[in-house]
Amino acid sequence: MELSRKLKIKSILNHIVPFQYRYSFNFRRNLSFLMESMKWDDNRMKEYQDNKLREVLLSGLLFNPYYKKLFKGLGLKKNDIINTKDIYNDLIIKIPFLSKEIVRKEKNNLLNGNITKKKYVKSSTSGSTGEPLEYYNSKKCIEWEKAFYYRHLINNGYSFGDKTIYIRTYIPKSNSDPPYYYDPYRKIFWFSAYHMNENFLVKYVEIIIASKIKTLIGYPTSLALLARYCDETKICFSMNTIITASEVLIEDDRNLIEKTFNCRVGEYYGLSEKIVAFGKCRESVAYHNYPEYGYYEIIDKKGNILINEGDVGEIVGTNFTNVDCMPWIRYKTGDLAILFRKKKCICGLNTDL
């Protein structure tokens, strides 16, 4: 279906469907759960994570060709998973790391044998740091991902119905098309991050002001270019929510963006593989771990677990949201993190990364 036809249909639905129902039932249910679980104490969250770790191991043991073979070699049985009290220290830590090389080699064997084709989609990384990595995500996993992201937005000032601009992945189909379009159903403008020159920045700013945009989301470099243009042309406006993702936000760009748009930046860290997720609220220095998403470890070059504040190591993750499709157990992300002491943030969440 052509983009123009899709937008016409969405424009009609925009006058019929209440905004809160423009997202799926599963998304709304998941988000409701996450808004409640973020209030849990440490004991309840640990119990949740332990149960999820058992679920991941059982999924691998019962349905996954790769992990069936691996667990057989380790002598890991169903009763071990069910009855072991310390699931992490007694079982998880004994499982070898999952590398990108193994995923490439064993991609089809890492897909659970009991999931039907209509319940998952084939995905891949962008390949920006090397060869793209192909894998499978269940449709349930994608709905969870959206819920986690919107919880992060809400915790950074977003309200459903706020007009939003994304300066990220949109690319116009031809040179004759403008480098932006509006989705009235979601109240989202998509701006091309590849057209951040003065000719189009003028139009971007016109849209932001005329449409009374409340939320700005994008690559740090793209938002910094927009902020620099506004700063140099003496154009001022304020945002309720600003979120950066996909790139490291350097301090100079953070200061410029926050000063220009009169709004603190909340950063989001995730992976296309859907392994773990972290987010900075507008008050935090370090990232908040999102423990319902997955279980993370930080390791040194030799694979030893790091636990001391200030330690720098690679992020390893075991995902909780893609269990029914492709379990990722102790996956080496290739990304580095610095450990911070766990403490309560002003926003009410624990800061532990």
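Anything mentioned here points back to the structure above.
Residues numbered from 1 in each chain as written. Predicted model: local features only at pLDDT ≥ 70, side-chain atom pairs only at ≥ 80, totals over all residues. Heavy atoms only, no water.

Quick look at the state of the cysteines
Per the counting criterion, the structure on display carries zero disulfides. In this structure Cys236 is not part of a disulfide, and its nearest cysteine sulfur, from Cys230, lies 8.4 Å away. Exposure remark for Cys236: the relative accessible area of 69% places this residue in the exposed category. No disulfide involves Cys263; its sulfur sits 12 Å from that of Cys281, the nearest cysteine. For Cys263, a relative accessible area of 7% translates into the label buried. (Disulfide = S-S within 2.5 Å. Buried < 20%, exposed > 50% of the residue type's maximum accessible area, 1.4 Å probe, protein only.)

Considering unusual backbone geometry
Unlike most non-glycine residues, Lys212 shows phi in positive territory, near 55 degrees. Looking at the secondary structure, you find Lys212 in the loop between helix H9 (198–210) and strand S6 (215–218). Accessibility expressed as a relative area gives 65% for Lys212, which makes it exposed. (Helix = DSSP H or I, 4+ residues; strand = E, 2+ residues; numbered from the N terminus.)

Some remarks on the packing of helix H2 (residues 25–37) against helix H8 (residues 139–154)
As a packed pair, H2 and H8 sit with axes 8 Å apart at the nearest point and diverge in direction by 50 degrees. When the interaxial angle is binned, H2 and H8 end up oblique. Once H2 is placed against H8, the crossing between them reads as right-handed. Between H2, through Asn26, Phe27, Asn30, Leu31, Phe33, Leu34, Met35 and Ser37, and H8, the contact on the second element is made entirely by Glu143, Trp144, Lys146, Ala147, Phe148, Tyr150, Arg151 and Ile154. In terms of residue class, the contact of H2 with H8 is built from 10 nonpolar, three polar and three charged. (Axes fitted to C-alpha atoms, helices over the stretch in contact; angles between N-to-C directions. Parallel < 35°, antiparallel > 145°, perpendicular 65-115°, else oblique. Left-handed = near helix turned anticlockwise from the far one by under 90°. Contact = heavy atoms within 4.5 Å. Nonpolar A, V, L, I, M, F, W, Y, C, P; charged D, E, K, R; others polar.)

Section: a positive patch on the surface
Residues Arg29, Lys118, Lys119, Lys139 and Lys140 make up a contiguous surface patch of positive charge. Residue class for Arg29 comes out partly exposed when judged on its relative accessible area of 46%. (Patch = residues over 30% accessible without salt bridge, like charges linked within 9 Å, V, L, I, M, F, W, Y side chains within 5 Å. Areas by Shrake-Rupley, 256 points an atom, 1.4 Å probe, with all protein chains shown as cover. Salt bridge = Lys/Arg side-chain N within 4 Å of Asp/Glu carboxyl O. Lys, Arg positive; Asp, Glu negative; His and termini not counted. Charge placed at Lys NZ, Arg CZ, Asp CG, Glu CD.)

A short note on a nonpolar patch on the surface
The grouping of Val285, Val312, Leu336, Ile338 and Phe340 at the surface amounts to a nonpolar patch, some 500 Å² of accessible area in total. The topology assignment puts Phe340 in the loop between strand S13 (331–338) and strand S14 (343–344).

Topic: the pairing of strand S11 (residues 294–299)
Judged by how many residues are buried, S11 sits mostly within the fold: six of six residues are covered. Every second residue of S11 is oriented toward a common face, with Gly294, Tyr296 and Ile298 on one face and Tyr295, Glu297 and Ile299 on the other, all of them buried. Two elements, S11 and strand S12 (residues 312–319), share six bridges in a ladder whose sense is antiparallel. Bridge pairing in S12 links Glu297 to Val316. (Pairing = 2+ DSSP bridges.)

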